Amino acid sequence: MDRYTLDRNSEGYADDTAYKAIRNADRDLETKATGGLKMKGEDLEQATLIQWCNLQSCKYSELKLIFAIPNGGYRNKGEARKLKATGTKSGVPDLFLAVPRNNKSGLFIEMKVGRNKCTDNQKKWIRALMEQGYEVKVCYSCEEAIQVIKKYLNI
């Protein structure tokens, strides 16, 4: 399970034009990208990635098929029991792009920030999904996830 390496141009810069455009479009991106909600860290990176996918979906319709799997977060005991009873599973990656490509059944992305690492449960899910023919990547930024998606879709 290798961390994705960003493509670099001859000057050593990452191919992050779309990422920078989103980040620099408005100083108040944190609230705009999240519909007025204050977010930080992994949530903000994931929300920014989804915004990029939504913007790019006019050109690449496959991006309309990305969705979040809301397994994480803190919930009260009653809500946690309900979610578990209805099929929520701990460790499932954060995002799924339901588009088969290159002999892969789809792309799962686990978002992390900073020094966060995958839990043992997440590692088990990643291995199991890969064994079933899915592409699975762990990304430490929106920029990295954009590169993963672009490479996976060959765009």
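Residues numbered from 1 in each chain as written. Predicted model: local features only at pLDDT ≥ 70, side-chain atom pairs only at ≥ 80, totals over all residues. Heavy atoms only, no water.

Trainee: For this particular structure, what's the right way to read helix α3 (residues 41-56)?
Mentor: An α-helical turn contains 3.6 residues, so a residue and the one three or four places further along point in the same direction. Compared with the 22 Å implied by 1.5 Å per residue over 16 residues, the 23 Å span of α3 between its first and last C-alpha is a close match. The complete set of buried residues in α3 reads L44, E45, Q46, A47, T48, L49, W52 and C53. (Helix = DSSP H or I, 4+ residues; strand = E, 2+ residues; numbered from the N terminus. Expected span 1.5 Å × (residues − 1). Buried < 20%, exposed > 50% of the residue type's maximum accessible area, 1.4 Å probe, protein only.)

Trainee: It is not clear to me how the environment of K123 should be interpreted in this structure. Could you clarify?
Mentor: By secondary structure assignment, the location of K123 is in helix α5 (residues 120-131). The exposure class of K123 is partly exposed, given its relative accessible area of 30%. With 31 residues separating them along the chain, K123 and V92 place their C-alpha atoms 9.2 Å apart.

Trainee: When you look at the pattern of salt bridges in this model, what are you seeing that I'm missing?
Mentor: The tally for this structure, following the rule as stated, stands at four salt bridges. One salt bridge in this structure joins K137 and E135, with 3.5 Å as the shortest N-O distance. (Salt bridge = Lys/Arg side-chain N within 4 Å of Asp/Glu carboxyl O.)

Trainee: So what exactly am I meant to see when it comes to the sheet that holds strand β3 (residues 107-111) here?
Mentor: By definition, the strands of a sheet pair up through backbone hydrogen bonds, in either a parallel or an antiparallel sense. Sheet architecture is open: four strands sit in the order β1-β2-β3-β4, paired in mixed fashion. Strands at the two margins of the open sheet, each flanked by one partner only, are β1 (66-68) and β4 (135-139). The sheet shows a mean angle of 20° between the axes of neighbouring strands, direction not considered. Where β1 and strand β2 (residues 95-97) come together, three bridges link them in antiparallel fashion. Bridged to I66 within β2 is L97. In the packing of α3 onto the sheet, the strands contacted are β1, β2 and β3, and the crossing angle to β3 comes to about 145°. Running at roughly 150° to β4, α5 makes contact with β3 and β4 of the sheet. (Pairing = 2+ DSSP bridges. Axes fitted to C-alpha atoms, helices over the stretch in contact; angles between N-to-C directions. Contact = heavy atoms within 4.5 Å.)

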